Every structure is written in C-alpha cells, then in structure tokens.
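# Residue-level structure breakdown
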Amino acid sequence: MIARMPDPTLLDAARFAGGHALAIYAVLLLLVMLTAGLVARALLPLRGSSVATPEPLSPIALLLRFAAGFACLVGGAMLFAAIAEELHAEPTLGQLDEAFIVAMIGQVPDAALRAFYLLTLVGNRETLITLGVAVTVGLLVLRRRGLALGWALAMLGNGALNPTLKQVFERARPIHPTRWLTEDGFSFPSGHSSGAVIAMGMLAYLAVRLLPRRWHVPAWIAAAGLAFSIGASRVFLRVHFPSDVLAGFASGAAWLTVSIASIELARWAKRRRIAAQASGVELTR
C-alpha cells in the first residue's frame, strides 16, 4: 500500500499554524473561556447570589441540560472515534501533526515554554492523585458522601481509561521534545488533557453544588481555561501531537458528562425516594 501525501494546502496550513502557535493558542483560549461562560449562563440557574443549592429547574431548563449533556457525550465520542479512525486509516493526520510540531520549533519564547512547563505540572499524575485524595477527604469532612464517591469514581475512571486507550493505539510520541521536558510511553490520547478536563470539570461541578451562585459561572470559565491550557502545554512542550490533545479533550469530555450525569441521576433518585417517604408519612397520619 502506497502512503498518500496530504494535500499541500493542508500541509501549508499546518506549518502556518505551528509557526503562529502562541497567537492561535491565545485566540482559542479566549474562545473556550467565552463559550464556557455563555453555556454556563444559559444552563445554570443564576437568580440570587447567596444560596448554594439551585432552586428546582423548570421543564425547559431540564430539557436544555439533558440536550447539552447528550450533545457533549455524543460529540466527544464521535470526535474521538473520528481522530482514531483517521490515525489508523491514513497517514495524513500524522504528517500534519509532524508538520505542525516542526514548524513550531524555535517559534515559542523560553518564557512561554517555562509557563507551559508549570502548567503541565498541574496535569501530572502525582498532582491529580494528590488533588483527588484531598478533595475526597474534604467532601467526607463536609459529610457529602455522595459527591465524594462521584468525584472519586470520575477521577479513578479516567485513570483507568486513558492508559487502556494508549495501549490500544500504541502511538509513538513526537521526536522533537523541548529541553524543558521529555516523556516516555505512548502518545495517543493525551492523559494530561483528559485528566485536566475531568479534574477541572468536576471541580466546577462541585462549585455549583457547594458554593453560592455568584461563583458558578466564574468556576466554569476558570475550569475551561485551565483544562485547555494544560492540554495545550503538552503540544508546546512537544511531548504530544495536536491530535493527541484533541482526542484527550474528547475522551475527557465524554467521561465527564457520564460522571456528572450519574451523580445527578443519583441525586434525582434520592429526592424521589425522600418525597415518596414523606408522602407515605402524610397518608398515615
């Protein structure tokens, strides 16, 4: 089988993007944070500022949340599947990734690389394990056992899913790492990217459950910006290809949706059970 070369226009676009990676990152970061803020404002009940637990949602609000969650789950899964299929079916994606990485060499100042190195530490396995244990203990101290279990399962689930996917695809890492960081192991999908989406997304969800409403939208904006930046740091440090990070975002978003939906379903079932018990008590009086 003769490998096909990608369209020269696509190669030129990849090289252009690599040569202007820092500017593109800044624009995308702004768009990601703006989108997160707009979606949070649309989906979260925002009336009032001092009550941590939202009022019961209207049917329209429930429908919007369901549709958004379904779209996120299906979209993330479809995006991951499309990248994985392209990765195995044709060499085009790998060549575009390589062109981007090569064009980026020498274009990013050391000060920016130093900042991305600090960002990537936030997504390290050791950092996420420490965060996972600390948040679990904190929730147990607050006697929020359901949230503690949901948080722990979300973090542990991604910790098992990502290494499994890496073993399935066995993609080699870029061969041009920076002097700031080198990594071994397989490349696809990026564990830092999926882990950041899960950890930051779950922290934003916990903020909605536990903090006053005035913090809800800022929490989602900060979570989206930090998760995106952690994933981007892996490309800037040249230990992952762009498609690795995009696939990590996709798998992380899908698992985050499943995790939050599972917690919300458990909360709904508990409220129904409590309401049924209260109704039974009233009927026996």
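Reading the values: rules and limits
- Residues numbered from 1 in each chain as written.
- Predicted model: local features only at pLDDT ≥ 70, side-chain atom pairs only at ≥ 80, totals over all residues.
- Heavy atoms only, no water.
- Helix = DSSP H or I, 4+ residues; strand = E, 2+ residues; numbered from the N terminus.
- Areas by Shrake-Rupley, 256 points an atom, 1.4 Å probe, with all protein chains shown as cover.
- Axes fitted to C-alpha atoms, helices over the stretch in contact; angles between N-to-C directions.
- Parallel < 35°, antiparallel > 145°, perpendicular 65-115°, else oblique.
- Left-handed = near helix turned anticlockwise from the far one by under 90°.
- Contact = heavy atoms within 4.5 Å.
- Nonpolar A, V, L, I, M, F, W, Y, C, P; charged D, E, K, R; others polar.
- UniProt positions renumbered as here; feature names shortened; annotations may be inferred.
- Core = buried A, V, L, I, M, F, W, Y, C linked by side-chain atoms within 4.5 Å.
- Buried < 20%, exposed > 50% of the residue type's maximum accessible area, 1.4 Å probe, protein only.
- Lys, Arg positive; Asp, Glu negative; His and termini not counted.
- Salt bridge = Lys/Arg side-chain N within 4 Å of Asp/Glu carboxyl O.
- 1 Å grid on protein atoms, 1.4 Å probe; cavity = no way out; pocket = protein on both sides within 12 Å on 5 of 7 lines; lining within 4 Å.
- Points joined across faces, edges and corners; volume = space filled by probe spheres on them.
- pLDDT = per-residue confidence, 0-100.
- Expected span 1.5 Å × (residues − 1).
- Arc of directions from axis to C-beta.

### Details of the overall build of the protein chain
The secondary structure content of the protein chain amounts to 10 helices and zero strands. Accessible surface computed for the protein chain: about 15,600 Å², of which carbon and sulfur atoms make up 70%.

### Considering the packing of helix 2 (residues 21-43) against helix 9 (residues 216-236)
Following both chains from N to C, one finds helix 2 and helix 9 inclined at 155°, their axes separated by 8 Å at the closest point. Relative to helix 9, the element helix 2 lies roughly antiparallel. Of the two possible hands of crossing, helix 2 and helix 9 adopt the one that is right-handed. Taking contact as the criterion, the partners of A21, L22, Y25, L28, L29, V32, M33, A36, G37, A40 and R41 in helix 2 are, on helix 9, V217, W220, I221, A224, G225, F228, S229, A232 and F236. In the contact of helix 2 with helix 9, the residues fall into 16 nonpolar, three polar and one charged.

### Things to note about the UniProt feature "transmembrane region" (unreviewed entry) in the protein chain
Here, the residues flagged by UniProt with the feature "transmembrane region" (unreviewed entry) are residues 20-40, 60-84, 116-141, 185-208, 220-239 and 245-266. Between the C-alpha atoms that bound residues 20-40 there is a distance of 30 Å. The span itself is 95% helix and 0% strand. A helix fraction of 92% and a strand fraction of 0% characterise residues 116-141, whose end C-alpha atoms lie 34 Å from each other.

### Considerations on the nonpolar core
Counting 47 residues, the largest nonpolar core has Y25, F100, M104, L139, W151, M202 and F236 as its most contacted members. Listing elements by their share of this core, those giving two or more residues are helix 2, helix 4 (92-104), helix 5 (110-122), helix 6 (125-141), helix 7 (145-169), helix 8 (191-210), helix 9 and helix 10 (242-284). A per-element tally of this core places helix 8 first, with 10 residues. Filtering out sequence-adjacent residues up to four positions away, L139 remains in contact with R144, L147, A148, W151, L206 and L210. Grouped together as the second largest cluster of nonpolar side chains are nine residues, L93, F169, F188 and A250 included.

### Considerations on the side chain of K166
With respect to the helices, strands and loops of the structure, K166 is situated in helix 7. No salt bridge is formed by the buried K166; the nearest opposite charge belongs to D244, separated by 7.1 Å.

### Focus: the layout of surface pockets
As a volume, the second largest pocket reaches approximately 780 Å³. Those elements that place two or more of their residues in the lining of the second largest pocket are helix 6, helix 7 and helix 8. Tallying contributions element by element places helix 7 first for the lining of the second largest pocket, with 10 residues.

### Considerations on the confidence of the model for the protein chain
The predicted structure's coordinates, where accompanied by low pLDDT, should not be read in detail. Residues of the protein chain with pLDDT of at least 70 account for 83%, and the chain-wide mean is 83. Mean pLDDT values over the elements of the protein chain span from 66, in helix 3 (residues 59-89), up to 96, in helix 9. Across residues 46-57, confidence stays below pLDDT 50; counting only partners more than four residues off in sequence or on other chains, it has 30 contacts.

### Some details on the pattern of salt bridges
In this structure the tally under the stated criterion is four salt bridges. The salt bridge involving D97 is made with R171; its shortest N-O contact spans 2.8 Å. Here D97, found in helix 4, pairs with R171, found in the loop between helix 7 and helix 8; they are 74 residues apart in sequence, far enough to count as distant. Residue classification places D97 among the buried residues on the basis of a relative accessible area of 4%. Residue E264 pairs with R209 through a salt bridge whose shortest N-O separation is 3.0 Å. Placement of E264 in helix 10 and of R209 in helix 8 is noted, with a sequence separation of 55 residues between them.

### Considering helix 5
The α-helix winds at 3.6 residues per turn, so residues separated by three or four positions along the chain end up facing the same way. Taking 1.5 Å as the rise per residue, helix 5 with 13 residues should run 18 Å; its terminal C-alpha atoms sit 19 Å apart, in good agreement. Of the residues making up helix 5, those classed as buried are A112, L113, F116 and T120. Taken down its axis, helix 5 places every buried residue within 95° of arc, on the same side. In helix 5, the exposed residues that point more than 90 degrees away from the buried face are A111 and L118. Buried residues belonging to helix 5 abut helix 2, helix 8 and helix 9.

### Focus on unusual backbone geometry
Going from F188 to P189, the amide bond is cis rather than trans, its omega being -10°. Relative to the helices and strands, P189 is located in the loop between helix 7 and helix 8. Despite not being glycine, R143 shows a phi value in the positive range, around 65°. Note that R143 resides in the loop between helix 6 and helix 7. Exposure remark for R143: the relative accessible area of 74% places this residue in the exposed category. Even without being a glycine, R238 presents a positive backbone phi close to 60°. Position of R238 among the secondary structure elements: in the loop between helix 9 and helix 10.

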